[in-house]
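A look at the structure
One letter stands for each residue in the lines below.
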Amino acid sequence: MKQKLTDEELVNNYLETHQNDYFEQLYERYCHKVHRKCLSFTKDDVQAQDLTQDIFLRLMTRLDSYKHQARFSTWLYSVTHNYCTDQIRGANKRQALTGDNDWDTLDVSADDGIAEQEEQIARRIHRAMTCLSADEQMLLHQRYQDGISVKELAMQHALTESAVKMRLKRSRDRLRQYYWQND
């Protein structure tokens, strides 16, 4: 029977021995969570599976960059978030360059005005988010989209919980300000 090791012990053992069993245990623990996170970015299961595999392949060769400043799961989440963001950003740039917009398949018959309003609100929020710094954007996404607790954010960013709460409040206030400026 296998001994139940912590994530950090698995990382250390893998780095010391390079035995795949340790990495496989990490993979088994987190592949579904990473896949769900990737799926939240792509909305496409096949693409999310590809991103998940890419993340774990990179992880295998870069596991030594984990410095134990936060829990492994928090660090892996951050790696996943950053990788997916980079991939989506790159895909959007490629799509803009090629002009591939799928206009022929756009179905406007089902639009009753509500979808258009929601789209407009989403565009305004997106524009307002782009006015924030990258750190503010990441913090808001981590807290409200991904549901990371204030305590985990404090550990991940090497801050006190009250500092995280204050940064979240300031970021929300700035987001609200930029949202209403875009009228």
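Before reading further, recall that the structure is shown in the block above.
First, a word on scope: everything that follows refers to the structure included in this document. (Residues numbered from 1 in each chain as written. Predicted model: local features only at pLDDT ≥ 70, side-chain atom pairs only at ≥ 80, totals over all residues. Heavy atoms only, no water.)

Side note on the overall build of the protein
- When helices and strands are tallied, the protein shows 8 helices and 0 strands.
- Counting from the amino terminus, the protein carries its helices and strands in the arrangement α-α-α-α-α-α-α-α.
- Every one of the 183 residues in the protein was classed for burial, and the buried ones make up 31%.
- The contacts of the protein with a sequence gap of at least 6 include a subset with a gap of at least 24, amounting to 58%.
- Of the accessible surface of the protein, which amounts to about 12400 Å², a share of 51% is contributed by carbon and sulfur atoms. (Helix = DSSP H or I, 4+ residues; strand = E, 2+ residues; numbered from the N terminus. Buried < 20%, exposed > 50% of the residue type's maximum accessible area, 1.4 Å probe, protein only. Contact = heavy atoms within 4.5 Å. Areas by Shrake-Rupley, 256 points an atom, 1.4 Å probe, with all protein chains shown as cover.)

Points about the packing of helix α6 (residues 134–145) against helix α8 (residues 161–181)
- Running from N to C, α6 and α8 point in directions that differ by 105°, and their axes come no closer than 10 Å. As judged from the angle between their axes, α6 and α8 are roughly perpendicular. For the pair formed by α6 and α8, the contact residues are E136, L139, L140, R143 and Y144 on the first element and V164, R167, L168, S171, R172, R174 and L175 on the second. (Axes fitted to C-alpha atoms, helices over the stretch in contact; angles between N-to-C directions. Parallel < 35°, antiparallel > 145°, perpendicular 65-115°, else oblique.)

Thoughts on the environment of K4
- Within the fold, K4 resides in the segment before α1 (7–17).
- Linking K4 and Q25, residues 21 residues apart in sequence, is a C-alpha distance of 9.6 Å.

Description of the packing of aromatic side chains
- Taken as a whole and assessed by the stated rule, the structure comprises 7 aromatic pairs.
- Here the aromatic rings of Y27 and F56 are separated by 4.8 Å at their centres, their planes lie at 75°, and the arrangement is edge-to-face. With Y27 in helix α2 (residues 20–42) and F56 in helix α3 (residues 45–62), this residue pair connects regions lying 29 residues apart in the sequence.
- In this structure Y27 comes out as partly exposed when scored by relative accessible area, which is 27%.
- Classification of F56 by relative accessible area gives buried; the value is 4%.
- The interplanar angle of 90° and the centroid separation of 5.5 Å between the aromatic rings of Y66 and F72 together place this pair among those described as edge-to-face.
- Since its relative accessible area comes to 1%, F72 is described here as buried.
- Of the aromatic side chains, those joined through ring pairs into one cluster are Y14, F23, Y27 and F56. (Phe/Tyr/Trp six-rings, centres within 6.5 Å; stacked < 30°, edge-to-face > 60°.)

Such coordinate-based values are descriptive only and should not be taken to indicate function.
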